[in-house]
Every structure is written in structure tokens, then in C-alpha cells.
Amino acid sequence: MNIEAMTLMELAPFAAGLVVTGLVAGVLAGLLGVGGGIVIVPVLYHVFTLLGIDEAVRMHLAVGTSLGTIILTSIRSVRAHAKKGAVDWDMLKSWALPILVGVASGTLIAAYVGGDVLTAVFATIALVVAANLAFGKESWRLGTELPGKPAQYSVAGVIGMLSALMGIGGGTFAVSFMTLYGKNPREAVATSSGLGVLIAVPAVIGFIWAGWNDPLLPPFSLGYVNLIGMALIAPLSVLAAPWGAALAHAISPKALIRAFALFLALTSLQMFYRLFG
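Residues numbered from 1 in each chain as written. Predicted model: local features only at pLDDT ≥ 70, side-chain atom pairs only at ≥ 80, totals over all residues. Heavy atoms only, no water.

J.: Mind laying out the environment of Val128, listing which residues take part and the relevant values?
T.: If you trace the backbone, Val128 turns up in helix α5 (residues 115–135). In the structure, Val128 is positioned 15 residues away from Gly143 in sequence and 20 Å away in space, judged by C-alpha atoms. (Helix = DSSP H or I, 4+ residues; strand = E, 2+ residues; numbered from the N terminus.)

J.: Go over helix α4 (residues 89–112) with me, naming the residues and quoting the values.
T.: Compared with the 34 Å implied by 1.5 Å per residue over 24 residues, the 34 Å span of α4 between its first and last C-alpha is a close match. At Ala96, α4 shows its maximal bend, which comes to roughly 45°, and the proline Pro98 appears one to four places after that position. Those residues of α4 lying buried are Met91, Leu92, Ser94, Trp95, Ala96, Pro98, Ile99, Gly102, Val103, Gly106, Thr107 and Ala110. At its buried positions, α4 is contacted by α3 (55–82), α5, α6 (149–166), α7 (171–180) and α8 (185–210). At the N-terminal boundary of α4, the capping side chain belongs to Asp88, with an oxygen 3.4 Å from the backbone nitrogen of Asp90. (Expected span 1.5 Å × (residues − 1). Bend = angle between axes of the 7 residues up to and from the residue. Buried < 20%, exposed > 50% of the residue type's maximum accessible area, 1.4 Å probe, protein only. Contact = heavy atoms within 4.5 Å. Polar contact = N/O pair within 3.5 Å; in protein donor to acceptor, adjacent residues only side chain to side chain.)

J.: I'd love a proper account of the nonpolar core, names of residues and values included.
T.: Ranked by size, the top nonpolar core spans 72 residues in total, and within it Trp95, Ile99, Phe173 and Leu264 carry the most contacts. Residues contacting Leu264, with those up to four places away along its chain left out, are Ile38, Ala126, Val129, Ala130, Leu133 and Thr172. (Core = buried A, V, L, I, M, F, W, Y, C linked by side-chain atoms within 4.5 Å.)

J.: With reference to specific residues and values, describe the packing of α4 against α6.
T.: Viewed as axis vectors pointing N to C, α4 and α6 meet at an angle of 40°, and their least axial separation amounts to 6 Å. Comparing their axes, α6 and α4 come out oblique. The two elements α4 and α6 cross, and the hand of that crossing is right-handed. Of the residues in α6, those touching α4 at Met91, Ser94, Trp95, Pro98, Ile99, Gly102, Val103, Ser105, Gly106, Thr107, Ile109 and Ala110 are Lys149, Gln152, Tyr153, Ala156, Gly157, Ile159, Gly160, Met161, Ala164 and Leu165. (Axes fitted to C-alpha atoms, helices over the stretch in contact; angles between N-to-C directions. Parallel < 35°, antiparallel > 145°, perpendicular 65-115°, else oblique. Left-handed = near helix turned anticlockwise from the far one by under 90°.)

J.: Explain the packing of aromatic side chains to me, using residue names and the numbers behind them.
T.: Considering all chains together, one arrives at four aromatic pairs under this definition. An angle of 20° between the planes, with centres 6.4 Å apart, marks the rings of Phe272 and Phe276 as stacked. Taken together, the positions of Phe272 and Phe276, both in helix α10 (residues 253–276) and four residues apart, correspond to about one turn of that helix. The partly exposed category is assigned to Phe272, whose relative accessible area is 24%. (Phe/Tyr/Trp six-rings, centres within 6.5 Å; stacked < 30°, edge-to-face > 60°.)

J.: Hey, could you go over the pattern of salt bridges for me, with residue numbers and the actual values?
T.: Inspection of the entire model under this criterion finds two salt bridges. In this structure, the salt-bridge partner of Asp88 is Lys183, at a minimum N-O distance of 3.2 Å. One end of the pair, Asp88, is in the loop between α3 and α4; the other, Lys183, is in the loop between α7 and α8, and 95 residues separate them in sequence. By relative accessible area, Lys183 is classed as buried at 15%. Overlapping salt bridges, with partners in common, bring together Asp88, Lys183 and Glu187 in one network. (Salt bridge = Lys/Arg side-chain N within 4 Å of Asp/Glu carboxyl O.)

So, to be careful, I would describe these as geometric facts and stop short of saying anything about function.
In C-alpha cells form, the structure reads like this:
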């Protein structure tokens, strides 16, 4: 199926799916401190598959478009958490430079690897993090406070790199890291929501550069960022993000972590199925 040849009636189901995706991604951004990419990437990959977009660019396009939607969603999410005084701004500022270095590295890697590699990275890491959150005990800690700045900066760099490769906002890794060192889950989620902005802006620029003038891209794409997907998903994600933030402060920390683990596990299994099913 070719996207240029599709009629309005044929495109309608895909548009409806993207609308639902936007709403769910926004709620997750506020609830779990993620930029929504953990939902957006696999859904976009499926939609792009149905639209007949070439496999060589499909996963790159899903990751790049997801990162584009994360920018607005994360801004709205971190502002909602900030109103409740839960964001550790000093930590975000100190992580900014290593995050940028990591994002640059991840974007360069993504520009030169195949889509299957990006899919495998996404699925594997998501499953590992989900298992840790689901089966780990609250008493398990790597420490009672965050490690020194050199260790934090190293972790931040890795988070930036992997997030760029996966098309996510960094909350997947940052929440796990912070809670293992005893940080309150609500504060961890709130602070992680701010990482999405630091990660997504430079990553989007990198994905636009990496895919510039690729002949396999569908219409209305700037490199590996599809403007149609952004136009449908981003506004609804922004609208729904405060709903998730409000929910995050209304439920127990344990329920918050379990919800995070469940979404990670389901997403990972879905991606593995697409690789090997």
C-alpha cells in the first residue's frame, strides 16, 4: 500500500489510531515521567508498515517522529509536575551537558545502523528495566543517596545515547536509576519528565540531518521526522499530559512503579514479536 495513493477513507483508521496514541502517550508522559515514546515508537512502526513505507527507513522514521512529539509533551509534563514542587531542577541542570553528549553519540549510531538494530535495542533494554521494576523489592538499593557527580554524568551520557536510539524521553532509565538510589518515586518521575526536553530537541535535529533527502521517505518528512505523525500526536499528547501528572500524585508510589513496569514489558514483547514472530 502506497501512502500517496491512499484515499481519505483509507487514511481515516490510521489517523484515528494516531489520535488514540497521542492521548495515551500524553497520559503516560505525566504519569510515568516518560516522553511517551515507549508507546509512540511501536505504534508508529506498525502504522508505517501498513502504509507501505520501506523497511529500510521504517524504524528510523518511527524513532525520529516519536522524538519530535516528545518535545511538546515533555514541556507540558514537567511544568505540571513543577507546579507541585516535585522537580529537582539542580539535578536537571547538572545533567544537561552529559545528556547532550550522549544524544549526539546515539544519533550518529542511529544514522549508520539498520532498523532491526534499533528495534532490538528498544525491546531488550525495555524488558530489562521492566523486570527490575516488577520483581525488585523496595528494600533493594544501590545506595541511600545518588552517587557522586562523575558517576551521575556517566549515567546521564548513557541515558542520552540510549534514549536517542530508542526514541524515548529518558524516563525509562532515569526513574530506575533514581529509585535504586533511594529517591522518592514521585520526585524521580517528575524530574525525569524534564529529561525529555534535553534529549528530544538535539535528537530531532540529528534525525533530520541523518535522513535528509533519503529517497525512501514518505511525503511530509523532514529527514527521519514525519510531520503528519507529529501533527496528529503532539497536540493531543500535550493536552493529556497534565491528566497523567495529576494521577501520579493521586496514587501510591508502588502502583506507579508497577504501572511503569507493565507498560515497559508489554512494549518489549510487542517489539520482539515483530522481530522474530
